[in-house]
Amino acid sequence: MYAIGSGRARPPLWGRLALPFLAQRGHLLLWAPVCLGLGIGGYFALTQEPTGGQISVALAAAVASLLLARLAGEALAPVFLAMALVLCGGALGWARTAMVAAPVLDFRYYGPVEGRIVDIDRSQSDAVRLTLDEVRLGDMAPGRVPARVRVSLHGDQRWVAPTPGLRVMLTANLSPPPGPVEPGGYDFRRQAWFDGIGAVGYTRTPVFTIAAAEEGHAGLALFRARVALSEGIRTRLGGQPGAFAAALLTGDRSSVSRDTLDNLRASNLAHLLAISGLHMGLLTGTIFAAIRAFLALVPWVALRLDTRKLAAVVALVAGAGYLGLSGGNIATERAFIMVAVMLGAVLIGRRAISLRAVALAAVIVLVRRPEALLSPGFHMSFAATTALVAVFGAIRDAGGLGARWPKVVKGAAALVISSSVAGAATAPFAAAHFNRIADYGLIANLASVPVMGLWVMPWALVAGLLAPLGLSWLPLQIMGWGCAWILGVAAWVAGLGGAVTHVVGPGPWVLPLLALGALWVVLWRGGGRWLGLAGVAAALWLWTQAERPALLVSDRGGLVGLLGPEGRALSKDRGESFTAEVWLENDGDGATQEAAAARMLPAEDGVLLFEVAGTQVTHVSGRGAAAKAAALCTGGLLISSVDPKPVPNGPCDLWSPARMRQTGALAVMRDGRLVTVADKAGRRPWSP
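Residues numbered from 1 in each chain as written. Predicted model: local features only at pLDDT ≥ 70, side-chain atom pairs only at ≥ 80, totals over all residues. Heavy atoms only, no water.

### Focus on the environment of S381
Then comes step 1: Inspection of the secondary structure assignment puts S381 in helix α14 (residues 376-397).
Then comes step 2: Assessed through its relative accessible area of 13%, S381 is described here as buried.
Then comes step 3: Distance in space between the C-alpha atoms of S381 and A422 is 9.3 Å, their sequence separation being 41 residues.
Then comes step 4: Residue contacts for S381: discarding those within four places in its chain leaves R334 and M338. (Helix = DSSP H or I, 4+ residues; strand = E, 2+ residues; numbered from the N terminus. Buried < 20%, exposed > 50% of the residue type's maximum accessible area, 1.4 Å probe, protein only. Contact = heavy atoms within 4.5 Å.)

Okay, structure coming up:
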């Protein structure tokens, strides 16, 4: 058999089958990040780390697929290329995991800690939190000491003012990064592995300085400039508008209050806090337009030089500076790569905004940081960008929004369309990751995003230009009015009745199937694209069938959550609050821990008795639990918050801290199956 176009025709049936694949010619680059993502996702879904030999076999298969692609016809070649990219994606994930490998603490440590401050933020409990590198832990051998540790500061800390590069000494409680709070849940250990954080903990004793901040280190110099700029903005504007402005410009959210965060999330405006594509696009777009307008006023330049390319270079340099000043996290790096690809297209004379530019940006991100595939920011950023480019590309090809429409009407229509499209594209991913839907998010975005683009970011740029002259205070003040407006809109929308709908967490196949179905609709050429809707529909149906555990037990055995007709009933109204909050969120339950605890039958002398899936469950906690547990081992499940003394030898299935340190949190499903975190996570470098 010969390929189509080789001189000999294939049978008519094969020709008809090949036509849909041949129609994809010229659009295959769009599928490159999809195939890489499939391979990376497959690697992270494994429960056992592949060996070097297995990776070698995969790479050999990838090379063989490339050779077969050269030998196959035009119709089949993309299939082999896709196989090669999938295999390379898996190898990329494996290589990145090995490259960032660093020691992880494997026991609970209490003692002296020394290190250099390389990051300052706040914990969920609003405590100042330091990330330290160049760590020393007592007499521990250097080869066992984590490369970085993160410590929350509690108590009186008047003796130190945290500064980037400062070397400090403290006494801290450290432990390995915690695993998921329920089987199949978000695994912080994996994120910590790729961030190089090998231990987390807290201190209630004073932190002391042992050496002044180092000078001359480029990264620390940028960090110091970022901290100084953030503090200056907060001092100038004051209150939450100042904290919000600092978060917009430097990525420092440490002063944004919990109430403000809740309002922004409830109104679907929390994306404004992330220095992502919107901020980078607004900044570089404003600079690009301003430089072009300025150069157009200089006839000699405008007539002799390509002002678009000059403006693109200046905007690219400004974007790189913004990347460095804002901390350079994954979300900002991803945004810069997308902007850089689009500005690069301008420099080589190609269309700046196209699906090819988005695909190329996604490939660069995945090659640099394969773990980014699992982050909410990656999902939401590329979902919004892909949908916007596709929709406005279709509008452009159809002749535009309206040749006779006034510019004001076109602008308003474009704003409504962009907000609606971006909201619709990101809504399922936001609901899956954060278990909530902001019902009035479109209203909030229509009232806030124009202010962000036409007021806040331009005045921020003016403030940056006037800063060397000491005149930044005036544009910052004007910028603050826009920040206050956005926060006011967030508070108003969050206060509306029914502003938030809580949704249950989806199963593991929902998001991959949803994303693949939506991408098929956007990327496939021809009538077959609508088959992608079947994938989207199947994903949404699977979401509705998501099964929540009948019983959840925390990894220390101190908190249990029993699912009942009113929602999950918790065994205590305080303590292990993060675990309780995540359980309720994944249930799609908006109740507080205190309200959920009121659903539970009262314990008798620290002992709870109930039945789950036909099995008797006994939970014992509080004072005297160690002694009580032995007498309660009469059958079924016995869950103890402490290790029993003596160890029971009765017919019960004992789950105590000693056992759960190996298994992690426990779930009892409605059919009686017992599932642990270890069962789901398997044995990986970050979850040994």
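### Looking at the side chain of S419
Then comes step 1: Checked against the element boundaries, S419 lands in helix α15 (residues 407-434).
Then comes step 2: Excluding residues within four positions of it along the chain, S419 makes contact with L442, N445 and L446.

### Quick notes on the sheet that holds strand β9 (residues 551-553)
Then comes step 1: Spatial ordering of the open sheet is given by β11-β10-β9-β16-β17, a layout of five strands whose pairing is antiparallel. Sheet topology places β11 (567-570) and β17 (674-676) at the edges, where each strand pairs with a single neighbour. When the angles between neighbouring strand axes are averaged without regard to direction, this sheet yields 20°.
Then comes step 2: Inspection of the sheet shows strand β16 (residues 666-668) paired to β17 by three bridges, in the antiparallel sense. Opposite A667, over in β17, you have V675 as the bridge partner. (Pairing = 2+ DSSP bridges. Axes fitted to C-alpha atoms, helices over the stretch in contact; angles between N-to-C directions.)

### A look at the pattern of salt bridges
Once the charged atoms of two side chains with opposite charge are near each other, the side chains can pair.
Then comes step 1: One pass over the structure, following the stated rule, counts 23 salt bridges.
Then comes step 2: Residue D587 pairs with R568 through a salt bridge whose shortest N-O separation is 2.6 Å. Of this pair, D587 sits in helix α20 (residues 577-587) while R568 sits in strand β11, placing them 19 residues apart in sequence. Comparing D587 with R568 shows no difference in burial state: the two are buried.
Then comes step 3: R661 is the partner of D643 in a salt bridge, and the nearest nitrogen-oxygen pair spans 3.9 Å. Note that D643 is positioned in the loop between β14 (637-640) and β15 (653-655) and R661 in helix α23 (residues 657-663), a separation of 18 residues in sequence.
Then comes step 4: Judged by relative accessible area, D643 falls into the partly exposed class, the value being 28%.
Then comes step 5: When salt bridges with common partners are traced through the structure, they connect R116, D133, E134 and R167 into a single cluster. (Salt bridge = Lys/Arg side-chain N within 4 Å of Asp/Glu carboxyl O.)

### Thoughts on the pairing of strand β1 (residues 109-122)
Then comes step 1: Summarising the sheet, β1 and strand β4 (residues 167-175) pair through eight bridges and their orientation is antiparallel. Following the sheet pairing, G111 is matched in β4 by A172.
Then comes step 2: Of the pairings in the sheet, the one linking β1 to strand β2 (residues 128-137) comprises eight bridges and is antiparallel in character. Paired with D119 across the strands is T131, a residue of β2.

### Some words on the packing of helix α8 (residues 258-266) against helix α17 (residues 473-494)
Then comes step 1: It is the contact of α8 with α17, at a shortest axis distance of 8 Å, that shows an interaxial angle of 70°. Between α8 and α17, the crossing angle belongs to the class labelled roughly perpendicular. Taken together, the residues of α17 that come into contact with α8 (itself represented by T260, N263, L264 and A266) are L487, A490, A491 and A494.
Then comes step 2: Looking at the contact of α8 with α17, its residues break down into six nonpolar, two polar and no charged. (Parallel < 35°, antiparallel > 145°, perpendicular 65-115°, else oblique. Nonpolar A, V, L, I, M, F, W, Y, C, P; charged D, E, K, R; others polar.)

### A few points about unusual backbone geometry
Then comes step 1: A positive phi angle is found at N268, which is not glycine, with a value near 60°.
Then comes step 2: Looking at the element boundaries, N268 is found in the loop between α8 and α9 (277-296).
Then comes step 3: Even without being a glycine, N435 presents a positive backbone phi close to 60°.
Then comes step 4: Summarising the element assignment, N435 is placed in the loop between α15 and β7 (436-438).
Then comes step 5: A relative accessible area of 3% means that N435 is categorised as buried.

### Some remarks on the environment of R190
Then comes step 1: Note on placement: R190 falls in helix α5 (residues 188-195).
Then comes step 2: Along the chain, R190 and T205 lie 15 residues apart, while their C-alpha atoms are 29 Å from each other.
Then comes step 3: If near-sequence neighbours (up to four positions away) are discounted, R190 is found in contact with F44, L374 and W686.

### A closer look at the state of the cysteines
Then comes step 1: Evaluation of the coordinates by the stated rule reveals one disulfide.
Then comes step 2: A sulfur-sulfur separation of 1.9 Å characterises the disulfide bridge that pairs C633 with C652. The S-S bond linking C633 to C652 shows a torsion near -95°; that makes this disulfide left-handed. Placement of the pair is C633 in the loop between α22 (625-632) and β14 and C652 in the loop between β14 and β15, with a sequence separation of 19 residues. The exposure classification of C633 matches that of C652, with both residues buried.
Then comes step 3: Just so you know, C35 is unpaired, no disulfide at all, and the nearest cysteine sulfur is the one on C88, 11 Å from it.
Then comes step 4: With relative accessibility at 9%, the residue C35 sits in the buried group. (Disulfide = S-S within 2.5 Å.)

### Quick look at a nonpolar patch on the surface
Then comes step 1: Together, F21, L76, V79 and M83 make up a nonpolar patch on the protein surface, roughly 320 Å² of accessible area in all.
Then comes step 2: Structurally, V79 can be placed in helix α4 (residues 77-99). (Patch = residues over 30% accessible without salt bridge, like charges linked within 9 Å, V, L, I, M, F, W, Y side chains within 5 Å. Areas by Shrake-Rupley, 256 points an atom, 1.4 Å probe, with all protein chains shown as cover.)

### Some details on helix α18 (residues 510-523)
Then comes step 1: Here α18 contains 14 residues, and its C-alpha end-to-end distance of 20 Å stays within 8% of the 20 Å for a straight helix at 1.5 Å per residue.
Then comes step 2: Among the residues of α18, those classed as buried are V510, L511, L514, G517, V521 and L523.
Then comes step 3: Against α2 (32-45), α13 (355-368), α14, α15 and α19 (532-544) lie the buried residues of α18. (Expected span 1.5 Å × (residues − 1).)

Worth remembering: the numbers are spatial, not functional.
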